[in-house]
Amino acid sequence: MTKSGADGSVKRILIAEDEPNIVELLTFILERAGCLTRAVTDGEAAIAEIRREAPDVLLLDLMLPKHDGYAVLKSVRASADNAGLPVVMLTAKGQERDRKVAESLGVNAFITKPFSNQDVVDQVLALAGTGAAAR
Amino acid sequence: MAVAAPIGMKVRTRRKAQGLTQKSLAQKVGISASYLNLIESDRRAVGGSLLQRIAEQLGMELADLSGDQERRLVERLGELAADPSILQHHIDPGTANALVSRHPDWAAAMLSLSRSVRDADQQITALTDRLDQDPALMEAVHQVLNNAAAVRSTMEILSSVEDLPTEQRARFVEIVLSQSGELSGTAERLVALFSAGNTRNRSLSPAEEVDDFLIQNQSYFPPLEEAARDLRREIRSFGQTIEGALTAFLQQQFDISVYNRSPVEADLSRFRNHCHHDEANRVLIFLDNAPPSTRQFQLARLACQLTAPDLLDTVARDELLTSDEARTRARGALASWLAAAALFPYETFLEDAVRHRYDVELLRQRFSASVEQICQRLVSLRKPGAEGIPFGFLRADPSGHISKRFPIAGLPVPRSGNGCPLWPLYGAFQTPDRVIRQLAEFPNGSRYLFIGRTVRHEPALFHEAPFLHAVMLACDVVHADQTVYADGLDFAARHMATPVGPNCRLCSRSDCLHRGEDSILYSR
C-alpha cells in the first residue's frame with residue numbers, strides 16, 4: 001500500500017456496485033494497488049456520496065437499484081462541481097448499445113464482466129492521474 | 001356468377017359407383033344430361049331443391065354436397081397462393097377449385113403442411129427475438145456474468161497474491177465455492193429456459209434481408225453521402241428552386257420530360273408514390289394529387305438512379321443480400337436514401353435538427369419535406385463524430401401491419417407482424433394529425449420516448465377515401481431531453497412510464513389488460 005497514482009498520491013475510489021462479493025473483490029484489488037476505497041450499493045447513495053466528498057475515480061456498475069448507472073453518470077456530468085469526475089463503467093451487459101449510450105453520456109472507460117483484475121486497476125489508475133477528465 | 005363449389009367430382013364418382021349414366025340420373029332429378037355434365041365438371045353452381053334431389057338419388061347427406069367444406073379449402077388455398085414464399089411458382093388461385101374437386105386429400109395435406117411451416121416460422125422468429133425480450137433469460141445471463149466475474153477475479157487473486165493471510169485466503173476460497181455453486185444453478189435454469197428448442201437461422205424474405213442490410217449499416221452509407229453532396233451541387237446549377245432545378249436537370253442531362261396526369265385518366269396500376277417513370281418514352285408522370293414533397297423527392301430519386309447506378313450497385317453488393325430480388329429492392333431503398341441525402345444535406349440538416357431540438361414539424365417546413373422523409377433522414381444521422389440522437393422509426397397501416405421498420409439497437413421490435421397495441425404508433429389513429437408522445441417501458445426495463453402521429457394521403461377524387469397511416473420515432477430515454485418532445489415529461493418517475501411490450505406473443509406481461517393473444521414466452 002505504498003503507491004497509487006503516477007504522482008505518488010493516494011487515490012480515492014468510489015465503488016458503486018450492488019453485488020457484495022464483487023464489492024469485496026474490487027476493494028481488495030484496488031487497495032492492494034494503493035488506493036483508498038469506499039463503496040455504495042445503489043445509485044441514489046452514489047450521487048449523495050459524490051456530493052459529500054468527490055472521489056478521484058468513480059467505478060460505476062450499470063445495473064444498480066434506485067438510479068441505474070446511466071442516471072448516476074448523467075447526474076455527475078450535469079453537476080456544477082464534479083462534471084469532470086473520471087468514471088469507469090462496469091457492467092455485466094457487454095452489449096454494444098450499452099457502450100454507445102454510456103459513451104454518449106460521457107463515460108471515460110468501459111469494463112465488462114467478467115473482468116481481469118489488472119485491467120480494472122490499470123484503467124482506474126490511468127484515470128486517477130488525469131484529475132478533471134475531459135468530457 | 002357464383003363460383004361453383006367443387007362438388008362435381010363427388011357427384012360423378014358416386015353416380016358411377018351406383019352404375020348410373022348421366023342421362024338416367026339427369027332424368028331422375030329432372031334436368032338435362034348436358035346440365036348434369038356442367039354440374040359434374042364444376043361449371044354450374046347448384047343448390048336448393050335440385051341439390052336435395054341429387055343427394056337423395058345418390059343416397060347422400062345434403063351436407064356432403066353443400067360444398068361448404070370444399071369452399072373453405074378453396075379459400076384457404078387461395079390465401080396460400082398469395083404467400084410470398086411460393087410466389088415464384090406463379091400459382092393461379094383459380095385452379096384451387098379443380099384441385100379440391102379432384103384431389104381433396106392432397107389439398108388438405110398442403111394446407112396442413114403450410115400451417116406447420118407458419119407455426120414453425122413464428123416459433124423461430126420468437127426464439128430469435130427472445131434473448132432481448134425475455135426478462136427471465138436476461139436476468140439469468142446477467143447473473144451468470146456476475147458469478148463468472150467474481151470467480152475469475154477471486155481466482156486471479158488466489159493465484160497471483162502470495163502473501164495472503166490464511167483468514168483472507170479462506171474467505172476467497174469461500175467466495176469461489178459460493179459463486180461456483182450459484183453458477184451451476186443459473187446454468188441449469190438457462191438450460192431449462194432453452195429446452196423448448198434451439199434457435200437456428202431462418203430463411204429471410206427479400207424484404208427482410210433489405211431491412212437487415214439497412215439495420216446492419218445503421219442506415220448510414222458514407223459513399224452515398226459523398227455522392228449526394230456532389231449531385232446536389234450539380235443540380236443546383238440548373239435552377240433557383242429545387243423542383244425547377246431537378247426538372248431541368250432530368251430534361252437536359254437525361255432527356256426526360258416531366259408531366260402531370262389526372263388520376264381519372266392514368267393507369268393507376270403503374271403508379272407508385274403518385275408517380276410513374278416510363279423508361280421507354282423517357283417521361284416521369286405525376287398524378288395531379290402528388291404533394292409537393294413527393295414531387296421533389298421522386299424527382300431527386302430518379303436523378304439519383306440515373307446519375308449513380310454503378311454506385312448503387314456497388315453498395316447493394318452485400319453478403320446480407322442473397323438474391324437478385326433482394327439486391328434490386330436494396331438498390332431502390334438506396335436510391336431513396338441518396339435522394340434524401342441530396343435534398344437534406346447532412347451538416348445543415350443535423351445543425352437544424354439539433355438547434356430546433358428535433359422538432360419534426362419545424363424541420364418538415366424548413367426542408368419542404370414530408371413527415372416521413374424527415375423521420376427517415378433523422379434515423380440516418382449516424383456519421384461517426386457528427387451523430388444525431390439514435391432514432392428508430394416505424395410505419396404502420398390501419399390494419400396494424402408494420403410496413404417500415406428501422407429499429408435501434410436494444411429496442412425490442414418484432415421482426416414481423418404487428419407491434420404492441422399500446423404504442424402511440426397505433427394510438428395515433430384515434431387522434432389523427434396530432435402528435436402523441438409516450439414514455440414507454442419494456443418488460444426488460446429498457447425505456448424509450450415514442451413519438452407517433454398519423455400521415456394523411458389526400459384523396460385524388462370524390463370517390464376515393466383519404467388514407468391514413470401512422471409513423472413513430474423512438475429514442476432511448478437517456479437522449480430524450482435533447483428533443484422538444486420531452487418538454488414537461490418527468491423521466492425520473494418510473495411509474496409515469498406506460499408498460500408496453502414488443503407484441504402480445506413476445507410479451508411477458510401476464511397482467512396486461514390489452515393482451516390480444518397468448519404469449520409464447522412461458523407457454524412451452
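Data block above holds the structure.
Cut-off values and rules
Residue indices follow the written sequence of each chain, beginning from 1 at its first position. As they are written, the chains are lettered A onward and the ligands numbered 1 onward, keeping that order. Confidence filtering applies because this is a predicted model: local features only for residues at pLDDT of at least 70, side-chain atom pairs given and counted only at 80 or more, and all residues used for totals across whole chains, interfaces and linings. Helix and strand labels come from DSSP, where a helix needs a run of H or I of at least four residues and a strand needs a run of E of at least two; each type is numbered from the N terminus. Note on contacts: each residue gets a C-beta atom placed from the backbone, and two residues are in contact if those atoms are within 7 Å. A pair of strands is considered paired only if DSSP assigns at least 2 bridges between the two. Only Asp, Glu, Lys and Arg are considered charged, only Ala, Val, Leu, Ile, Met, Phe, Trp, Tyr, Cys and Pro nonpolar, and every remaining residue, Gly among them, polar. We call a set of buried Ala, Val, Leu, Ile, Met, Phe, Trp, Tyr and Cys residues a nonpolar core when their C-beta atoms link them within 7 Å. Backbone-placed C-beta atoms define the burial measure: a residue is buried with 20 or more other C-beta atoms within 10 Å of its own, exposed with 12 or fewer, and partly exposed in between.

Residue and element names in this part refer to chain B. Mapped onto the elements, Val151 comes out in helix H9 (residues 135-160). Residues Val151 and Ser180 lie 29 residues apart in sequence; the distance between their C-alpha atoms is 7.0 Å. Every residue in contact with Val151, bar those within four places of it in the chain, is listed here: Val176, Gln179, Ser180 and Leu183.

Further remarks concern the sheet that holds strand E8 (residues 436-441) of chain B. All names here are of chain B. Taking strand neighbours across the sheet as the criterion, the six strands line up as E7-E6-E10-E9-E8-E11 in an open arrangement whose pairing is mixed. The open sheet is flanked by strand E7 (402-406) and strand E11 (498-499), the only strands paired with a single partner. In the sheet, strand E6 (residues 391-396) pairs with strand E10 (residues 467-476) via six bridges, with the strands oriented antiparallel. Its bridge partner lying in E10, Phe393 is registered against Leu473.

Time to look at the interface of chain A and chain B. Chain A puts 20 residues into the contact, and the matching count from chain B is 17 residues. Element by element, the count of residues in the side of chain A that touches chain B is highest for helix H1 (residues 20-32) of chain A, at five residues. When the residues that make up the side of chain A that touches chain B are grouped by side-chain class, the tally is 11 nonpolar, three polar and six charged.

As a rule of thumb, nonpolar side chains are buried together in soluble globular proteins. Counting 144 residues, the largest nonpolar core has Leu59(A), Leu60(A) and Leu338(B) as its most contacted members. At 11 residues, helix H16 (residues 324-343) of chain B tops the list of elements feeding residues into this core. The contact partners of Leu60(A), leaving out residues within four places of it in the chain, are Ala16(A), Ala46(A), Gly69(A), Val72(A), Leu73(A), Val87(A), Val88(A), Met89(A) and Leu90(A). By size, the runner-up hydrophobic cluster in this structure holds 11 residues, among which are Ile7(B), Val11(B), Val46(B) and Ile54(B).

What is shown is where atoms sit, not what they do.
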